[in-house]
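A look at the structure
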Amino acid sequence: MIQVIDGEAQIYYQGSWSQIAHDLEILYATSNFTSINAYGLIFEINDIMDVIAAADYIAQWGDF
């Protein structure tokens, strides 16, 4: 699950890490969050390119 609270996308996920990447990109289009908290790993978000970079990093970090 990904929740947006006070402008931060907080990840509490049990599924595939690569699915998180996809979900974040879709969620950003509707929520426009300014940071991502992936289990304490914080990413500052200024635009969709930051979301894509963070999502890619999260997917690689989790799917090894």
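Going by the structure above, here's the rest.
Details of the sheet that holds strand 4 (residues 41-44)
Reading across the sheet, the four strands line up as 1-2-3-4 and stay open at both edges, with mixed pairing between neighbours. Each having just a single partner strand, strand 1 (2-5) and strand 4 make up the two edges of the open sheet. Each neighbouring strand pair of the sheet contributes to a mean axis angle of 20°, computed without reference to strand direction. Summarising the sheet, strand 1 and strand 2 (residues 8-11) pair through four bridges and their orientation is antiparallel. Paired with Val4 across the strands is Ala9, a residue of strand 2.

A closer look at helix 1 (residues 17-31)
Its 15 residues give helix 1 an end-to-end C-alpha distance of 20 Å, which sits within 8% of 21 Å, the value for a rise of 1.5 Å per residue. Of all the positions in helix 1, only Trp17, Ile20, Ala21, Leu24 and Tyr28 are classed as buried. Looking straight down helix 1, one finds its buried side chains confined to an arc of 100°; they lie on one side. Exposed and facing more than 90 degrees away from the buried side of helix 1 are Ala29 and Thr30.

So, the nonpolar core
Counting residues in each nonpolar core, the largest one holds 18 residues, and the members touching the most others are Ile11, Leu24, Phe33, Ile36, Ile45 and Ile58. Counting residues per element, the ones that place at least two in this core are strand 2, helix 1, strand 3 (35-38) and helix 2 (48-62). Not counting residues within four places of it along the chain, the set of residues in contact with Phe33 comprises Val4, Gly7, Glu8, Ala9, Leu24, Leu27, Tyr28, Ile45 and Val51.

Points about a nonpolar patch on the surface
On the surface, Met1, Tyr12, Tyr39, Tyr57 and Trp61 cluster together into a nonpolar patch covering about 570 Å² of accessible area. Inspection of the secondary structure assignment puts Tyr57 in helix 2.

Some words on the environment of Ser35
Summarising the element assignment, Ser35 is placed in strand 3. Spatially, the C-alpha atom of Ser35 lies 6.2 Å from that of Ala9, the residues being 26 residues apart in sequence. What Ser35 contacts, discounting residues up to four positions off in sequence, is Gly7, Glu8, Ala9, Phe43, Glu44 and Ile45.

How each quantity is defined
Each chain has its residues counted from 1, running along the sequence as written. Where totals are concerned, whole chains, interfaces and linings use all residues; where local detail is concerned, this predicted model gives features only for residues with pLDDT of at least 70, and gives and counts side-chain atom pairs only at 80 or more. Only hydrogens and water are removed before side-chain values are computed, so all heavy atoms of the structure are retained for them. Pairs of strands are assigned from DSSP output, requiring at least two bridges between the strands. Helix and strand assignments come from DSSP, with helices taken as H or I runs of at least 4 residues and strands as E runs of at least 2, each series counted from the N terminus. Axis geometry follows a simple rule: fit a line to the C-alpha atoms, using only the stretch in contact for helices, then measure angles between N-to-C directions, giving values from 0 to 180 degrees. Given a helix with a known number of residues, its expected span is that number minus one, times 1.5 Å. The cut-offs for exposure are 20% and 50% of the maximum accessible area for each residue type, with area from a 1.4 Å probe on protein chains only; residues under the lower value are buried, those over the upper are exposed, and the others partly exposed. Here the arc refers to the directions that run from the helix axis out to each C-beta atom. The criterion is simple. A nonpolar core is a set of buried Ala, Val, Leu, Ile, Met, Phe, Trp, Tyr and Cys residues joined through side-chain atoms within 4.5 Å. Contact between two residues is taken to exist if any of their heavy atoms lie within 4.5 Å; hydrogens are not considered. Within this analysis, patches are made of residues with over 30% relative accessible area and no salt bridge. Like charges are joined at 9 Å or less; nonpolar side chains (Val, Leu, Ile, Met, Phe, Trp, Tyr) at 5 Å or less. Per-residue and other accessible areas follow the Shrake-Rupley method at a 1.4 Å probe size, with only the shown protein chains counted as cover for residues. Salt bridges are identified by distance alone: a Lys or Arg side-chain nitrogen within 4 Å of an Asp or Glu carboxyl oxygen.

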